[in-house]
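Spelled out, the chains give:
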Amino acid sequence: MDFTFTEEQQAAAEAARGVFAGVAPDAVPSPALTPGAVADDFDRPLWGRLADADLLSLLLAEEHGGAGLDAIALCLVLRESAKVLARVPLLESSAATAAVQAYGGPELKDELLAPAGRGEVVLTVAAHGRTGHDPAEQAVTARQEGSAWVLDGVQTAVPWAYEADLVVVPARTAADRSVLALLPPGAEGAALTEQFSTSGERLGELRLESVRVAARYVLDAEGAWEWLRELLTTGICALTLGLGERVLEMTSGYASKREQFGHPIATFQAVAVQCADRYIDLRAMEAALWQAAWRIASGAPGALPVSGDVAVAKIWASEGVRRIVQTAQHLHGGFGADVEYPLHRYHAWAKHLELALGPAAAHEEALGDLLAAHPLA
């Protein structure tokens, strides 16, 4: 079996490393010192550089100006972005455009895909439901009236809601089917209320009251929302992996220089064992991530549906990144809380990623349901 990445996937990762090389994690004001949002917008110059490097169109077919790559390539790029805490809607916009490509009509594809790949149109996804704990598709109802769909409901914690041109909103019909509606956040009947993540980013609570959406902007194909949710969740796992790798690297570097009793603390067995345990977490997170990304990219069958592999990846990502940042703070001592040092920013981002699209316990419950429905031979 060959577990190496393809040349195209490796090229995408290398291009990402080049783009993110000049990004400083502490360039954004600290969430511990900034009331409200840390910034009014995402990093537009960085967004432009990603577009110039063709990293916003990775998943798009060549006919739409893309590279025709897969979820694995996207996760490789997301992994690099998290190492520098890149403040761009790379995951949300890429996943949304991929869903449009997979499930949208010809007119919608022609209108959105090429501009999104060039960074001219920004998409995001309302994936957290009414409270952040209930299924997102249950938070909004959708009904057809003539040639349009009418949406009512609330989606919380929508990332980049104030900066995006279109929000992809999952909704449920009276026939108990999920649809995806694309609408501008400023549409008639839509209202945004500011919310803030632990990382200091501005989110939005999106309230919809009889919002009309033309039929061409609604993806009603079976499985569209489930596919998009799995891609988003796997992308979050890639972000936690990159963040965890950078935090462990910072911790190892600090422990190698920090001395107590005349010796670097890295030489103390208790410290070395903790770092080794966190390295094991990273490798488990990585193995589970690539399994889920490969299932999404290949469509290969497995003992469980692809959602089972995604659940395993999210369980490891949520628990692993929490243990990594906690160990990092412990081994850094008081230095880890210094707002002039970037570790506290990584801790804040890690907490946000840990809970994004469901904590470990929620995915453990989902995995249990899948195992009950698909007994392993």
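Going by the structure above, here's the rest.
Criteria and thresholds
- Residues numbered from 1 in each chain as written.
- Predicted model: local features only at pLDDT ≥ 70, side-chain atom pairs only at ≥ 80, totals over all residues.
- Heavy atoms only, no water.
- Helix = DSSP H or I, 4+ residues; strand = E, 2+ residues; numbered from the N terminus.
- Rg over C-alpha atoms; globule rule 2.2 N^0.38 Å.
- Contact = heavy atoms within 4.5 Å.
- Areas by Shrake-Rupley, 256 points an atom, 1.4 Å probe, with all protein chains shown as cover.
- Lys, Arg positive; Asp, Glu negative; His and termini not counted.
- Charge placed at Lys NZ, Arg CZ, Asp CG, Glu CD.
- Salt bridge = Lys/Arg side-chain N within 4 Å of Asp/Glu carboxyl O.
- Buried < 20%, exposed > 50% of the residue type's maximum accessible area, 1.4 Å probe, protein only.
- Phe/Tyr/Trp six-rings, centres within 6.5 Å; stacked < 30°, edge-to-face > 60°.
- Lys NZ or Arg CZ within 6 Å of the ring centre and 35° of its normal.
- Expected span 1.5 Å × (residues − 1).
- Polar contact = N/O pair within 3.5 Å; in protein donor to acceptor, adjacent residues only side chain to side chain.
- Core = buried A, V, L, I, M, F, W, Y, C linked by side-chain atoms within 4.5 Å.
- 1 Å grid on protein atoms, 1.4 Å probe; cavity = no way out; pocket = protein on both sides within 12 Å on 5 of 7 lines; lining within 4 Å.
- Points joined across faces, edges and corners; volume = space filled by probe spheres on them.
- Nonpolar A, V, L, I, M, F, W, Y, C, P; charged D, E, K, R; others polar.

Engineer: Even after reading the chapter, I still don't get the overall build of the chain, so can you show me in this structure?
Structural biologist: Secondary structure summary: the chain contains 10 helices and 10 strands in total. In terms of overall dimensions, the chain is globule-like: its C-alpha atoms have a radius of gyration of 21 Å, near the 21 Å expected for 377 residues. Principal-axis analysis of the C-alpha atoms places the extent of the chain at approximately 80 × 55 × 40 Å. Put simply, 74% of the contacts in the chain that link residues at least 6 apart link residues at least 24 apart. Surface exposure of the chain reaches about 16,300 Å², of which carbon and sulfur atoms provide 54%. Within the chain, the 49 negative side-chain charges are centred at a point lying 4 Å from the centre of the 28 positive side-chain charges.

Engineer: Even after reading the chapter, I still don't get the pattern of salt bridges, so can you show me in this structure?
Structural biologist: Working definition: two side chains of opposite charge can pair if their charged atoms are close together. Considering all chains together, one arrives at 28 salt bridges under this definition. In this structure, Glu80 engages Lys83 in a salt bridge whose closest nitrogen and oxygen atoms are separated by 3.4 Å. Here the residue Glu80 and the residue Lys83 both occupy positions in helix 3 (residues 71-83), the gap between them amounting to three residues, near one helical turn. Ionic pairing is found between Glu201 and Arg87, a salt bridge with its closest N-O pair at 2.6 Å. Linking Glu201 in the loop between strand 6 (190-196) and strand 7 (202-214) with Arg87 in the loop between helix 3 and helix 4 (90-103), this pair joins segments that are 114 residues apart in sequence. Judged on exposure class, the residue Glu201 and its partner Arg87 are both buried. Here the salt bridges share partners, and the residues they tie into one network are Glu14, Arg17, Arg79, Glu80, Lys83, Glu245, Arg283 and Glu286.

Engineer: In this structure, what is going on with the packing of aromatic side chains? I would like to understand it.
Structural biologist: Any two aromatic rings considered together are summarised by their centre-to-centre distance and by the angle between their planes. Within this structure, the stated rule accounts for six aromatic pairs. Three or more aromatic residues link up through ring pairs in this structure, and these residues are Phe42, Trp47 and Trp160. The ring of Tyr162 is capped by Arg202, whose NZ or CZ atom sits 4.3 Å from the centre of that ring. One Lys or Arg, Arg283, reaches over the ring of Tyr279 and ends 4.9 Å from the middle of that ring.

Engineer: For this particular structure, what's the right way to read the environment of Thr193?
Structural biologist: Counting through the fold element by element, Thr193 comes out in strand 6. A C-alpha to C-alpha distance of 6.8 Å links Thr193 and Leu206, two positions 13 residues apart in sequence. Beyond its immediate stretch of four places on either side in the chain, Thr193 contacts Tyr162, Leu203, Gly204 and Glu205.

Engineer: Explanation requested: helix 7 (residues 269-298) in the structure shown.
Structural biologist: Three- or four-residue spacings in an α-helix give side chains the same orientation, since the helix completes a turn every 3.6 residues. Taking 1.5 Å per residue as the helical rise, helix 7 with its 30 residues ought to reach 44 Å, and the 43 Å between its terminal C-alpha atoms agrees with that figure. One or two positions beyond helix 7, positive phi appears at Gly299, with a value near 70°.

Engineer: Hey, could you run me through the environment of Ala71 in this one?
Structural biologist: Position of Ala71 relative to the elements: it lies in helix 3. By relative accessible area, which is 6% here, Ala71 ends up buried. Ignoring any residue separated from it by four or fewer positions in sequence, one finds Ala71 in contact with Leu59, Leu231, Ala293, Ile296 and Ala297.

Engineer: I tried to follow helix 3 on my own but got confused; where do I start?
Structural biologist: The end-to-end C-alpha separation of helix 3 is 19 Å, in line with the 18 Å expected for 13 residues at 1.5 Å each. Among the 13 residues in helix 3, 12 count as buried, and that is most of the element. Ala71, Ile72, Ala73, Leu74, Cys75, Leu76, Val77, Leu78, Arg79, Glu80, Ser81 and Ala82 are the residues of helix 3 that are buried. Buried residues belonging to helix 3 abut helix 1 (7-20), helix 4, helix 6 (224-257), helix 7 and helix 9 (343-355). The N-terminus of helix 3 is capped by Asp70, whose side-chain oxygen sits 3.2 Å from the backbone nitrogen of Ile72. The first or second residue beyond helix 3 is Leu85, which carries a positive phi of 55°.

Engineer: Even after reading the chapter, I still don't get the nonpolar core, so can you show me in this structure?
Structural biologist: Considering soluble globular proteins, one finds that nonpolar side chains tend to be buried as a cluster. With 114 residues, the main nonpolar core has Phe20, Leu50, Leu151, Leu182, Leu208, Leu228 and Leu243 as its most contacted residues. Top element by residues in this core is helix 6. It accounts for 14 residues.

Engineer: Help me understand the layout of surface pockets, please; the structure alone is not making it clear to me.
Structural biologist: Rolled over the atoms, a probe as big as a water molecule pinpoints where empty space is left. Taken as a whole, the largest pocket spans an internal volume of roughly 660 Å³. The wall of the largest pocket is formed by 22 residues, among which Arg229, Leu357, Ala362, His363 and Ala366 lie closest to the centre. Elements represented by at least two residues in the lining of the largest pocket include exactly helix 6, helix 8 (306-332) and helix 10 (360-373). Among the elements that take part in the lining of the largest pocket, helix 6 stands out by supplying five residues, more than any other. Here the residues of the lining of the largest pocket are counted per class, giving 11 nonpolar, seven polar and four charged.

Engineer: Would you take a moment to explain unusual backbone geometry for this structure?
Structural biologist: Across the chain, the bulk of peptide bonds are trans and the bulk of non-glycine residues have phi less than zero. Within the chain, Asp176 stands out as a residue other than glycine whose phi angle is a positive 65°. For Asp176, the position within the fold is in the loop between strand 4 (166-172) and strand 5 (178-183). The phi dihedral of Ser210 falls on the positive side, at around 55°, and the residue is not glycine. Considering the arrangement of structural elements, one finds Ser210 in strand 7. According to the relative accessible area criterion, Ser210 is partly exposed, its value standing at 44%.

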